[in-house]
Amino acid sequence: MKVTVDEDKCCGAGQCVLIAPEVFDQRDDDGIVVLLDSAPGPDQHALVRESAAVCPAAAIEVTEEA
Amino acid sequence: MRAGPQQDDDAGTRPGPPSGVTIVGASAAGLSTAEALRRRGYQGRLRLLDAEDRLPYDRPPLSKQVLSGAWEPSRARLRGPDQLAALNAELLLGERAVSLDLRNRSVTTDTGRSLEDDVLVLATGLAPVVLPGQDGLAGAHVLRGLDHALALRRDLVTAARVVVVGEGVLGAEIAATARGLGLDVTLVGLGHTLLADQLGGTVGGVLTDLHTERGVRLRLGTAVESVVGDGGRVSGVRLTGGEVLSADVVVAAVGSRPATAWLEGSGLPLGDGVETDARCRAAPGIYAVGDAASWFHEGLGRRLRLENRTNAVEQAQAVAAAILGADRPFTPVPYFWTDQYDARIQAHGMPSPGAQVSIAEGDPADRRFVAVYTEGGRVTGVLGWNMPKQARLLRQEHLAPPDARRPPQPSVR
Ligand SMILES: Cc1cc2nc3c(=O)[nH]c(=O)nc-3n(C[C@H](O)[C@H](O)[C@H](O)COP(=O)(O)OP(=O)(O)OC[C@H]3O[C@@H](n4cnc5c(N)ncnc54)[C@H](O)[C@@H]3O)c2cc1C
Ligand code: SF4
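First, a word on what this report is: a plain description of the structure on this page.

Thresholds, definitions, all that
- Throughout this description, residue numbers start from 1 for each chain and increase along the sequence as written.
- Lettering for chains starts from A, numbering for ligands starts from 1, and both go in the order in which the items are written.
- Given that the model is predicted, a residue must reach a pLDDT of at least 70 before its local features are reported, and side-chain atom pairs must reach 80 or more before they are shown or counted; all residues, however, enter totals for whole chains, interfaces and linings.
- Hydrogens and water molecules were not included; the side-chain quantities draw on all heavy atoms of the structure.
- Numbering goes from the N terminus for both helices and strands, where a helix is a DSSP run of H or I of at least four residues and a strand is a run of E of at least two.
- The quantity called the radius of gyration is restricted to C-alpha atoms. Its globule counterpart is 2.2 Å times the number of residues to the power 0.38.
- Only protein chains enter the accessibility calculation, which uses a 1.4 Å probe. A residue is then buried if its area is under 20% of the maximum for its type, exposed if over 50%, and partly exposed in between.
- By the convention used here, residues are in contact when the closest approach between their heavy atoms is within 4.5 Å.
- Here the open area of atoms and residues is found with the Shrake-Rupley method and a 1.4 Å probe, where only the protein chains shown may cover a residue.
- Only strands joined by at least two bridges in the DSSP assignment are considered to pair.
- To obtain an axis, a line is fitted to C-alpha atoms, over the contacting stretch when the element is a helix, and the angle between two such axes runs from 0 to 180 degrees between their N-to-C directions.
- Being near a molecule or strand, for a residue, means having at least one of its heavy atoms within 4 Å of it.
- Two N or O atoms form a polar contact when they lie within 3.5 Å of each other; inside protein one atom must be a possible hydrogen donor and the other a possible acceptor, and for residues adjacent in sequence the pair counts only when both atoms belong to side chains.
- Here the nonpolar group is Ala, Val, Leu, Ile, Met, Phe, Trp, Tyr, Cys and Pro; Asp, Glu, Lys and Arg are the charged ones; every other residue, Gly included, is treated as polar.
- Buried area is calculated as the accessible area (1.4 Å probe) missing from two parts once they are joined, with the contributions of both summed.
- The term salt bridge refers to a pairing of a side-chain nitrogen on Lys or Arg with a carboxyl oxygen on Asp or Glu at a separation within 4 Å.
- Note on terminology: a nonpolar core comprises buried Ala, Val, Leu, Ile, Met, Phe, Trp, Tyr and Cys residues joined through side-chain atoms within 4.5 Å.
- What counts as a ring pair is set by centres within 6.5 Å for rings of Phe, Tyr and Trp (its six-membered ring), and what kind of pair is set by the plane angle: stacked under 30 degrees, edge-to-face over 60, tilted for all other angles.
- Either the NZ atom of lysine or the CZ atom of arginine qualifies as a charge over a ring when it sits within 6 Å of the ring centre and within 35 degrees of the ring normal.

On to the overall build of chain A, then. Each helix and strand in chain A was counted, giving 2 helices and 4 strands. Counting from the amino terminus, chain A carries its helices and strands in the arrangement β-α-β-β-α-β. Relative to a compact globule of 66 residues, whose C-alpha radius of gyration would be 11 Å, chain A shows 11 Å and is just as compact. For the C-alpha atoms alone, the extent of chain A along its principal axes is close to 35 × 20 × 15 Å. Burial statistics for chain A: of 66 residues in total, 53% are counted as buried. By sequence separation, contacts in chain A at least 24 residues apart represent 57% of the contacts at least 6 residues apart. Accessible surface for chain A amounts to roughly 2,700 Å². Of this, 48% is attributable to carbon and sulfur atoms.

Here it is in structure tokens:
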């Protein structure tokens, strides 16, 4: 799994951090998403997919490749 | 067009997944429901119907980046063509649902087609309210869809004076964007501060000061009687006292109503939106999601209908789970954000006007703070003003986790 984030779209909601704190964080000053792990392990996949699904800015893209 | 076996039984107790799902409204809530169904392993037929003949797009940028011109409209697309193709859904665009028959769960469209299915999901969002006198006047606008945003932008770039009616989130955002384009902006609203209904007077007051500093003329506590025009073109608005504010462009941002007119007479419970139970079910096999849905929030012990982007996608997860047999109430912590000038305001929970407000971090004078809303000794809302991360941390500390089935969040104390 490969994860990318679009900082320009991110509205700093932090929904992703609430769901998958091992993969996403937020910058302290403006709350914009910080990708901690762009190729997270299988234990994180479900949480990352859910984060992408509920991100209100459609800023997280997940590509499912081996 | 019959796809499954006759379903006269209660679809809610139907064993196994449905054979087909038709979703009416293919925007944030409808599309997210479709994606969530697939993500949860649903492999049956999926149809998405939308009145608009456009690939699904996102609305929050319409009053911000699209209206200001910072983004090409295509940037507001919700998903790329590949992602839509991967959904393996039938996208019926440019076709409007005009009625629903509860008995066989079928939707009739404006082409005369009848779409019958095991499960129907209603996700038709809102229709904006217009002001008396505005219909048919050039230069008089509402803002809900992309066409609205592009038409308003076309008018704003050549206008000098704009009157925005409505002191809620949408009106305030449009005023901020129009100031950014250099226009002379007057905002007229019934409330005594901006966003008083959404955020209360304390934070509303800070926002009102910000707009004043940025040069917006505010006419608060003031009602508009009608939009006035001259030769088919808007010329301003008339206030209830008779005064006329002249303008080249008028934007009505005076609220929206659930787009449920097509459901009238169907027998579905319609109040302030499609009324559902705590599991987002309006009738056997029929669900409602997003801005148009009024569901029973068990945590709050009352009905709630939210008009925000996060709810559209969160409720979509709950509806998809319910369709596939889960039996859990939908009890989210509401969340919305708004961007105005350099202020990014984020509201978690229910920051209602009646609550006590205290500043937990930062300082409103620095335009960087977190406010905590308390009612009856309980924290009911957390609001961040240019402090997103701190607000989110306080939300985690004070407000219930968004979904109990998630693993416990690490403590932030
Ligand atoms: C300008 C603007 C700015 C916003 N900014 C923010 C923000 O900053 N933060 C935030 O949290 N929220 C914001 N929102 C709110 C957010 O966009 C909505 O909550 C969200 O779009 C709701 O999604 P929905 O799918 O329920 O409804 P909608 O997005 O309204 O989608 C409903 C869909 O149903 C279709 N439809 C309607 N009737 C029919 C019919 N009879 N047959 C077929 N199709 C039909 C429509 O064409 C539409 O595509 C904003 C909204 C607007 C308009
Ligand atoms: S959920 Fe989306 S918008 Fe929110 S912080 Fe994460 S990436 Fe940004």
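On to the overall build of chain B, then. Scanning chain B from terminus to terminus reveals 8 helices and 28 strands. Over its C-alpha atoms chain B spans a radius of gyration of 22 Å, differing by no more than 12% from the 22 Å that the globule rule assigns to 413 residues. Counting only residues that meet the buried cut, chain B has 54% of its 413 residues in that class. Look at the contacts in chain B between residues 6 or more apart in sequence, and 61% of them connect residues 24 or more apart. About 16,700 Å² of surface is accessible on chain B, with carbon and sulfur atoms providing 48% of the total.

Strands pair in a sheet through their backbones, by hydrogen bonds, and they do so in one of two ways: parallel or antiparallel. Residues and elements named next belong to chain B. Judged by pairing direction, the sheet is antiparallel, and its 3 strands sit side by side in the order 4-5-6 without closing on themselves. Edge positions in the sheet fall to strand 4 (97–101) and strand 6 (114–116), since each of these pairs with one other strand and no more. The average undirected angle you get between the axes of adjacent strands in this sheet is 25°. Across 3 bridges, strand 5 (residues 106–109) lies against strand 6 in antiparallel orientation.

This paragraph deals with the site of ligand 1. All names here are of chain B. Taken together, 32 residues lie around ligand 1, and Asp50, Arg59, Lys64, Arg144 and Asp291 are the ones closest in. Ala28 has a polar backbone atom sitting 3.4 Å from an oxygen atom of ligand 1. Contact distances for ligand 1 include 2.9 Å between a nitrogen atom and a backbone N or O atom of Ala97. Against a free-state accessible area of 1,000 Å², the protein chains account for coverage of 93% of ligand 1.

What follows is about the site of ligand 2. For ligand 2, the full set of nearby residues is Cys10, Cys11, Gly12, Ala13, Gly14, Gln15, Cys16, Val33, Cys55, Ala57 and Ile60 of chain A. Residues belonging to the shell around ligand 2 are distributed by class as follows: 8 nonpolar, 3 polar and no charged.

Looking now at helix 2 (residues 42–54) of chain A. Among the residues making up helix 2 of chain A, those that are buried are Gln44, His45, Val48, Glu50, Ser51, Ala52, Ala53 and Val54 of chain A. Considering only its buried residues, helix 2 of chain A is in contact with strand 1 (2–5), helix 1 (15–19), strand 2 (24–26) and strand 4 (60–63) of chain A together with helix 1 (28–39) and helix 7 (309–323) of chain B.

All names here are of chain B. Taken together, the 6 strands give an open sheet; going across it, the order is 3-2-1-7-21-20, and neighbouring strands pair in mixed fashion. Either end of the sheet is taken by a strand with one partner, and the two such strands are strand 3 (90–93) and strand 20 (281–283). This sheet shows a mean twist of 20° between the axes of neighbouring strands, independent of strand direction. Pairing between strand 7 (residues 119–122) and strand 21 (residues 286–288): 3 bridges, direction parallel. By the bridge assignment for strand 21, Leu122 is matched with Ala288. Where helix 1 meets the sheet, it contacts strand 1 (20–24), strand 2 (45–50) and strand 7, and its direction lies at approximately 170° from that of strand 2.

Looking now at the interface of chain B and chain A. Think of interface size as the accessible area that goes away when the parts come together; that is how it is often given. Facing 29 residues of chain B, the contacting portion of chain A comprises 30 residues. Between chain B and chain A, roughly 2,400 Å² of surface is buried when both sides are summed, and carbon and sulfur atoms account for 47% of that area. There are 5 salt bridges connecting chain B and chain A. Asp28 of chain A is the partner of Lys389 of chain B in a salt bridge, and the nearest nitrogen-oxygen pair spans 3.1 Å. When residues of the side of chain B that touches chain A are traced back to their parent elements, those giving at least two are helix 7, strand 24 (335–340), strand 25 (343–349) and helix 8 (388–398) of chain B. Of the residues forming the side of chain B that touches chain A, the biggest block, 6 residues, is contributed by helix 8 of chain B. Split by residue class, the side of chain B that touches chain A holds 6 nonpolar, 9 polar and 14 charged.

Applying the stated rule across the entire model yields 30 salt bridges over all chains. Measuring nitrogen to oxygen at the nearest pair gives 4.0 Å for the salt bridge that ties Asp25 of chain A to Arg392 of chain B. With Asp25 of chain A in strand 2 and Arg392 of chain B in helix 8, the pair connects residues from two separate chains. Via salt bridges that share partners, Asp25 and Asp28 of chain A together with Lys389 and Arg392 of chain B belong to a single interconnected network.

This paragraph deals with the nonpolar core. Nonpolar side chains tend to gather and get buried jointly when the protein is soluble and globular. Counting residues in each nonpolar core, the largest one holds 41 residues, and the members touching the most others are Val162, Leu199, Leu383 and Trp385 of chain B. Listed in part, the 32 residues of the second largest apolar core include Ala29, Leu46, Cys280 and Leu304 of chain B.

So, about the packing of aromatic side chains. Residues and elements named next belong to chain B. Counted by the stated rule, this structure contains 3 aromatic pairs over all chains. Between Tyr335 and Trp337, the aromatic rings sit 6.5 Å apart at their centres with planes inclined by 25°, giving stacked as the arrangement. Using a relative accessible area of 1% as the deciding quantity, one classes Tyr335 as buried. Relative to Trp385, the ring of Phe369 lies with its centre 5.4 Å away and its plane at 25°, an arrangement referred to as stacked. Here Phe369, found in strand 27 (residues 368–375), pairs with Trp385, found in strand 28 (residues 378–385); they are 16 residues apart in sequence, far enough to count as distant. Neither residue differs from the other here; Phe369 and Trp385 are each classed as buried. The ring of Trp71 carries the charged tip of Arg75 above its face, separated from the ring centre by 4.8 Å.

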